[in-house]
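Below are the chains, spelled out letter by letter.
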Amino acid sequence: MSVLTPRRGHSFGEVVARHHARGELVVQPRMGFADPGRMTRGLLATRAARAATVGTITIDSYTRVGDHEAARAALAAGADLNGYPLVDHDPATTAALLDGVLTGDFPVQVRHGSADPRRIVRALLDFGLHATEGGPVSYCLPYSRMPLSAAVDNWRRSCETLAEARGPELEPHLETFGGCMMGQLCPPALLVALSVLEGMFFWRHGIRCLSFSYAQQTHAGQDEEAVAALHALIREYVPHARTHVVIYGYMGVHPRTPGGALELIAESARLAARTGASRLIVKTTAEAHRLPTVAENVTALEHAAAAARGVSRIGRLGDTGIHAQAKALVDNVLSLDTDLGRALVTAFARGQLDVPFCLHPDNAGRARGRLDAGGRLEWQRIGAMPLGDLVDLPAERRMTSGDLLDALRYVERSFDEKYGLPGIETVNRLTQGSRT
């Protein structure tokens, strides 16, 4: 592939910072289509939305796992992939797609989900792009069977490749996915710690423009405290980087009613605005049913942007210990090895980092999160994580399958019931009654 001239204009981080300085929340879709025409239409519609936006090209699953032969075969057969195969599409087609979309004020981020993003990173740079996301932990443990040590090495090399692309008019940007581990039922302190640790990993391997993620969970007040802790730890551990915080709309089971889904989208936007986040990854009303259309993505972006306008940043917050727990996890990892990649591998091998409900062989699987009666995420078990003096564990540390299902559907139920759709417990009672 021939290297194309990098696009002139502002870096991804600079564009987001400029919007933030004007009090605008940047809203971004999760969008990826194999068909270049549809991908172009999606990006142009995002750019034209009545909101401050940046673009997304989400990569297909074959490319994510490095099965490039399957990606090429699918393209040859005209198959409808679940994303854009950036590495294997015709280079001239991709170059033409981007030439019609990119402007100095509308950068595009490549999103991929890969534990080995080396070819993806080289490809996006070849096309003059400079922004992507993921991380050695967050794109290995949930999505791959690859050993964590291999993912760490892949991501080290990818960071170095991105950093080498820096130039007078090009500042590469990397977003950690660490604050989104498993999407749900992971207590906020661990999400914050993983987001900070992956950002530090990026910094140590040459990346100077970073964003730190946090996924909306089950309780607005707890999320506010978690994002405040994330801001504080970013200032402490990566004070010299250009940084911003990105909130992800709820990643678990989505409301089935349009009204419930719209209210959840609005709540994620208000959370971002209240906590001083700069960017929001937006879901749509179609999440519970199918992949969204371009029009549904645009509607969600505009709805989120409208919900965030005029929302003031909150002041002083209560403290339930999220900052102290996250800092304890970060400091423990940093004490294990001067090489942060090796330290992350050691921490997981010892169970000192342990992601609830994650089945990857390198995850200890002894920790558990649960919802309390008020919908807050708390630790049910901490395994070997160094949190014993910071966490009050419940007396009952077992979770039944029914408890797990109830927790997984908590947000869906809470928002749908506002719009007349009965919760699963009500459905079960009605079903049981009809059988008697």
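For the structure, check the block above.
The numbering scheme is per chain: residues are counted from 1 as the chain's sequence reads. Per-residue local features of the predicted model are confined to residues with pLDDT of at least 70, and side-chain atom pairs are confined, for both listing and counting, to 80 or more; whole-chain, interface and lining totals are unaffected and use all residues. Hydrogen atoms and water are omitted, and side-chain values are computed over all heavy atoms in the structure.

S.K.: Got a minute to help me understand the overall build of the chain in this structure?
M.R.: Across its full length, the chain carries 16 helices and 11 strands. Here the C-alpha radius of gyration of the chain, 21 Å, is about what a compact globule of 436 residues would show, namely 22 Å. With the C-alpha coordinates of the chain rotated into their principal frame, the extents come out at 65 × 55 × 45 Å. Note on classification: 1.4 Å probe, protein chains only; a residue is buried when its accessible area is under 20% of the maximum for its type, exposed when over 50%, partly exposed between these limits. When burial is assessed residue by residue, the chain has 55% of its 436 residues classed as buried. Whether two residues are in contact is decided by their heavy atoms, any of which lying within 4.5 Å being enough. When contacts within the chain are restricted to residue pairs at least 6 apart in sequence, long-range pairs at least 24 apart make up 73% of them. Accessible areas in this description were obtained via Shrake-Rupley with a 1.4 Å probe; residue shielding takes into account the shown protein chains only. Surface summary for the chain: the accessible area is close to 17,600 Å², and the carbon and sulfur share equals 50%. A residue counts as positive if it is Lys or Arg and as negative if it is Asp or Glu; His and the chain ends are not included. Where a charge lies is defined by one atom per residue type: Lys uses NZ, Arg uses CZ, Asp uses CG and Glu uses CD. Treating the 47 positive side-chain charges of the chain as one cloud and the 47 negative ones as another, the clouds have centres 1 Å apart. Only DSSP runs of H or I covering at least 4 residues are called helices, and only runs of E covering at least 2 are called strands; the numbering of each starts at the N terminus. Values of the radius of gyration come from C-alpha atoms, whereas the globule rule sets the reference at 2.2 Å times the count of residues to the power 0.38.

S.K.: In this structure, what is going on with the nonpolar core? I would like to understand it.
M.R.: The nonpolar side chains of a soluble globular protein tend to be buried with one another. Residues belong to one nonpolar core when they are buried, are Ala, Val, Leu, Ile, Met, Phe, Trp, Tyr or Cys, and are joined through side-chain atoms within 4.5 Å. Within the largest apolar cluster, 109 residues are counted, with the highest numbers of intra-cluster contacts made by Leu-190, Ile-247 and Leu-353. Element by element, the count of residues in this core is highest for helix α8 (residues 188-204), at 11 residues. Those residues in contact with Leu-353 that sit more than four places away from it in its chain are Leu-190, Leu-194, Leu-197, Leu-329, Val-333, Leu-344, Ala-347, Phe-348, Asn-363 and Met-385.

S.K.: Help me understand helix α4 (residues 68-77), please; the structure alone is not making it clear to me.
M.R.: Since the α-helix advances by 3.6 residues per turn, residues separated by three or four positions end up pointing in the same direction. The complete set of buried residues in α4 reads His-68, Ala-70, Ala-71 and Ala-74. Down the axis of α4, the buried side of the element spans an arc of 160 degrees, and every buried residue falls inside it. Of the residues in α4, the exposed ones pointing more than 90 degrees away from the buried face are Glu-69, Ala-76 and Ala-77. Residues of α4 that are buried sit in contact with α3 (61-64) and α6 (118-126). Immediately downstream of α4, the backbone of Gly-78 shows phi near 75 degrees, a positive value. Summarising the geometry, the arc corresponds to the directions from the helix axis toward the C-beta atoms.

S.K.: I tried to follow the sheet that holds strand β3 (residues 55-58) on my own but got confused; where do I start?
M.R.: What links the strands of a sheet is backbone hydrogen bonding, and the strands pair in either a parallel or an antiparallel sense. Read across the sheet, 9 strands follow the order β2-β1-β9-β8-β7-β6-β5-β4-β3 without closing on themselves; strand pairing throughout is parallel. Each edge of the open sheet carries a strand with a single partner, namely β2 (52-53) and β3. Looking at chain direction, strand β1 (residues 26-29) and strand β9 (residues 279-282) are connected through 4 bridges and run parallel. Bridging across to β9, Pro-29 finds its partner in Val-282. Here, strands pair whenever DSSP counts at least two bridges between them.

S.K.: Sorry, what's going on with the environment of Pro-361 here?
M.R.: Mapping Pro-361 onto the fold places it in the loop between α13 (340-349) and β10 (367-371). According to the relative accessible area criterion, Pro-361 is exposed, its value standing at 53%. Once the C-alpha coordinates of Pro-361 and Ser-144 are considered, the two residues, 217 residues apart in sequence, prove to be 9.9 Å apart.

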